[in-house]
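Structure at a glance
One-letter residues, chain by chain:
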Amino acid sequence: MTVDAPRANLPPLSLHVPEPRFRPGDEADFSDLVVPPAGAARRPDTAEPADRFHELAYGLVRVLDDAGNAVGPWDPRLDAEAKRKMLRSMALTRAFDERMFRAQRQGKTSFYMKSTGEEAVSVAAALAMAGDDMCFPSYRQQGILITRGYPLVEMMNQIYSNRGDPLQGRQLPIMYSSKETGFFSISGNLATQYPQAVGWAMASAARGDTRIAATWCGEGSTAEGDFHSALTFATVYRAPVIFNVVNNQWAISSFSGFAGAEATTFAARAIGYGIAGLRVDGNDALAVYAATQWAAERARTNQGPTLIEHFTYRAEGHSTSDDPSAYRSAGEPNAWPLGDPIRRLKDHLIGLGEWDEERHAAMDLELAETVKRAQKEAEKNGILGHGMHQPFETMFEGVFEEMPWHLKEQSDQMIAERKAAGI
Amino acid sequence: MSAAPRMNMIQAINSAMDVMMERDDQVVVMGEDVGYFGGVFRATAGLQAKYGKTRAFDTPITEIGIIGVAIGMGAYGLRPVPEIQFADYIYPALDQLVSEAARLRYRSNGDFTAPITVRSPYGGGIFGGQTHSQSPEGIFTHVSGIKTVIPSTPYDAKGLLIAAIEDNDPVLFLEPKRIYNGPFDGHYDRPAKNWTAHPASEVPTGYYRVELGKAATVREGEAVTILCYGTMVHVVAATIEELGVDAEIIDLRTLVPLDIEAIEASVKKTGRCMIVHEATRTSGFGAELSALVQERCFYHLEAPIARVTGFDTPYPHSLEWAYFPGPVRIREALNKLLKD
Ligand SMILES: Cc1ncc(C[n+]2csc(CCOP(=O)(O)OP(=O)(O)O)c2C)c(N)n1
Ligand SMILES: [Mg+2]
């Protein structure tokens, strides 16, 4: 495009469009990625004002070092039993994902999303919070439900939209909801849960409760207006809320540069709003636990919100509808230097003499069996597309508390039409 | 001249953008995943490789940002074609569309305009659940200042999209995703068809326009006029064929501005009118159509106007095929309408 430029002596402007470092065919090489050593980050007192530790929004809180030792001030010093529980929940989440992904491929449901490689982000956070704290997750935190002991069969019933589905087949698979488990109904629209979490937290504070809220979204979703509205409300009212940004570096085909990662970190978003920001190794379950525990303590002592960026990597496709080989280097998942959260915690426990390969293999086998058994049980209630699992008039229920005349009429009409048609 | 190549709807839409980017270097395409990857439905595939990153680019995931930025680019003089990945995700962009794009020409007295074409896949039939299935056209037809276009074939999709991009007003271009790969007769339990056997899959590779504001008569008939658009054109046509009813099927193609003359002439001829859309019923576009027909054709009507629409519920996942206004519902409504 040519422009009649009155100031033609100035150099022409140019538009910067971000580009990821590796595309299909490229060899992924993260050797120049600066990974701060484990144990190096300072752990401020939870009463310290947020503007005293800006460096934590640019660094990386890490507990597990390369040899698998837990080091530094952020080590949450959990006992071996608690660590084994963490390991088990992560492994169960992975086993569940494997099985349900396969179920979708077998045509038993329409859709599935795995959280492979990101299990620590939900599992360790759920363990660091109180069981009755309220979670406003995105679609990739099934680990919270699993950690809190929500029945696998119920999750699968939802995935199959079958007769046992607690949501009556109304929602896309994996869009769970369980108030009892402190797990807010998942929306298909990104980042809407962020301000909702703030509202819940504000209400809890206004009522003199002791419970806090936490919310999760992907790094890509931080671009949505809801994210920024949430941070503004949270800082204004010092809401007792934990914001988790799961930076798995990809948003479908768009790398994190399209959410602003070329210029700064996601944790640094907190600084502009005057709230506490931490950047954490998201594949280090102990670091995620410690950061969440710290943020929860701040929230519970009226120090206000914390934003935690979990630096991790989306090891697999976005969903069953996605093939990442079309847009990123096939070698990326393996080249990613921060490893796998399950393997890292496992190595740590083995190093402590509290775990071994045989027990791990036995656990994996047992969890696979557990998931298989749950699946059998769930499939007794039907799978998607094989018959109508809910009476069709249930479609009209639950739009409002009481059904208005027009829905009643539409329901009656539908019944009459189907009868006339002989179905 | 050799026959035009066969295209499915995605290829035709892709071709429209390709042709327009070639002809006019002010045309840019943008949206979530549209650049390198070429869109989650592949509608923009190849455009970045051909025209470069400053003309076909990925955007941050913020729909209000995408539309606001498109308006700003339009104010500079570009002709942006933003994509909203699913019509269900257009709601976060509502303020920029309704208060800004649709109002800019009027409030600045033509000083600024918003020559943007917002493309978005819409509609159900793919087991997409609540947030990958909705038909929000009625929200936008209700807003003065924005045109709404919905194609039903590859040929129309390309010609209408070219006309939309060339239009100096904001156009919402809704793409019925269920028929991206082939026409759909409403029988979800039968094997899916592709476009190859359909005459409107012959799509010229070059430039041509299908004018906005002009309906198409898909089938001429005497017994009843059926007004429809998008996926429902095919569901209606197949159902009529099965029933052997001599219906006149009008594919509206553009909802705003509406081809009122075509509607009026047809209803006055047949004396009966049925409206079919996937969108929910209350305040849906069918309500507007019904009012217009009643106002203009009242003395020609031999029966009350019938509407077959989505029910007034959120789009269900497992009960998709009970919800979808398919052949059974169209047939039952038609039997009643013809008896009256
Ligand atoms: C409002 C809205 N816009 C777009 C989408 C489509 N979409 C679904 S997931 C996704 C990518 C999100 O990436 P990120 O936030 O990084 O989360 P991740 O999938 O990596 O966990 C997009 C664009 C949506 N669901 N909602
Ligand atoms: Mg992501």
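Let me sum up the structure you'll find in this document.

What counts, and at which threshold
- Residues numbered from 1 in each chain as written.
- Chains lettered and ligands numbered in written order.
- Predicted model: local features only at pLDDT ≥ 70, side-chain atom pairs only at ≥ 80, totals over all residues.
- Heavy atoms only, no water.
- Contact = heavy atoms within 4.5 Å.
- Buried area = accessible area lost by both parts, 1.4 Å probe.
- Salt bridge = Lys/Arg side-chain N within 4 Å of Asp/Glu carboxyl O.
- Helix = DSSP H or I, 4+ residues; strand = E, 2+ residues; numbered from the N terminus.
- Donors = N, O, S within 2.8 Å, 3.2 Å for Na, K, Ca; no water.
- Buried < 20%, exposed > 50% of the residue type's maximum accessible area, 1.4 Å probe, protein only.
- Near = heavy atom within 4 Å.
- Polar contact = N/O pair within 3.5 Å; in protein donor to acceptor, adjacent residues only side chain to side chain.
- Phe/Tyr/Trp six-rings, centres within 6.5 Å; stacked < 30°, edge-to-face > 60°.
- Lys NZ or Arg CZ within 6 Å of the ring centre and 35° of its normal.
- Expected span 1.5 Å × (residues − 1).
- Disulfide = S-S within 2.5 Å.
- Pairing = 2+ DSSP bridges.
- Axes fitted to C-alpha atoms, helices over the stretch in contact; angles between N-to-C directions.

The partner chain A presents 48 residues to the 44 residues of chain B that form the contact. For the pair chain B and chain A, the two sides together bury roughly 3800 Å², of which 62% comes from carbon and sulfur. At the junction of chain B and chain A, the tally comes to two salt bridges. Linking A:Glu417 and B:Arg329 is a salt bridge whose minimum nitrogen-to-oxygen distance equals 3.7 Å. Going through the elements one at a time, strand 2 (56-58), helix 3 (63-76), helix 11 (320-323) and helix 12 (327-339) of chain B are the ones with two or more residues in the side of chain B that touches chain A.

Residues and elements named next belong to chain A. Protein coordination at the magnesium ion (ligand 2) comes from Glu219 (OE), Asn248 (OD1) and Trp250 (O), with a distance range of 2.1 to 2.2 Å. Written as a sequence motif, the donor arrangement for the magnesium ion (ligand 2) is E-x28-N-x1-W. In this pair, Glu219 is assigned in the loop between strand 2 (213-218) and helix 6 (225-237) and Trp250 in strand 4 (residues 250-251), connecting sequence segments 31 residues apart. You'll find Glu219 and Trp250 in the same group, each marked buried.

Close contacts around ligand 1 come from 20 residues, with A:Tyr139, A:Arg140, A:Gly188, A:Ser221 and B:Glu63 the closest. At ligand 1, the nearby residues belong to more than one chain, namely chains A and B. In the environment of ligand 1, an oxygen atom lies 3.0 Å from a nitrogen or oxygen atom belonging to the backbone of A:Gly220. Within the side chain of A:His318, a nitrogen or oxygen atom sits 3.3 Å from an oxygen atom of ligand 1.

As a further point, take the packing of aromatic side chains. The full count for this structure, using the stated rule, is 25 aromatic pairs over all chains. Through successive ring pairs, a cluster of aromatic residues spans A:Phe22, A:Phe30, A:Phe311, A:Tyr313 and A:Trp336. Its guanidinium or amino end placed over the ring of A:Phe311, A:Arg279 lies 4.4 Å from that ring's centre, counting from NZ or CZ. Sitting above the plane of the B:Phe184 ring, B:Arg178 keeps its charged end 3.6 Å from the centroid.

So, on to helix 12 of chain B. With 13 residues, helix 12 of chain B extends 18 Å from end C-alpha to end C-alpha; this agrees with the ideal 18 Å at 1.5 Å per step. Where helix 12 of chain B is concerned, the buried positions are B:Pro327, B:Arg329, B:Ile330, B:Glu332, B:Ala333, B:Leu334 and B:Leu337. If you follow the buried residues of helix 12 of chain B, they end up packed against helix 12 (405-420) of chain A together with strand 8 (224-228), helix 8 (231-243), strand 11 (273-280), strand 12 (306-310) and helix 11 of chain B.

A covalent bond between the sulfur atoms of two cysteines is what we call a disulfide. Counted according to the given criterion, the structure contains zero disulfides over all chains. Take A:Cys135: it sits in no disulfide, and the sulfur closest to it among the cysteines is that of A:Cys217, at 14 Å. In this model B:Cys297 remains outside any disulfide bridge; the closest cysteine sulfur is found in B:Cys273, 7.7 Å from its own.

Residue and element names in this part refer to chain A. Strand order in the open sheet made by the five strands is 1-2-3-7-6, with parallel pairing throughout. Whereas interior strands pair on both sides, the edge strands pair on one side only; in this sheet they are strand 1 (134-136) and strand 6 (276-281). The mean angle between the axes of side-by-side strands here comes to 20°, regardless of whether they run parallel or antiparallel. Examined bridge by bridge, strand 1 and strand 2 share three bridges and lie parallel to one another. Looking across to strand 2, one finds that Met134 is bridged to Ala213.

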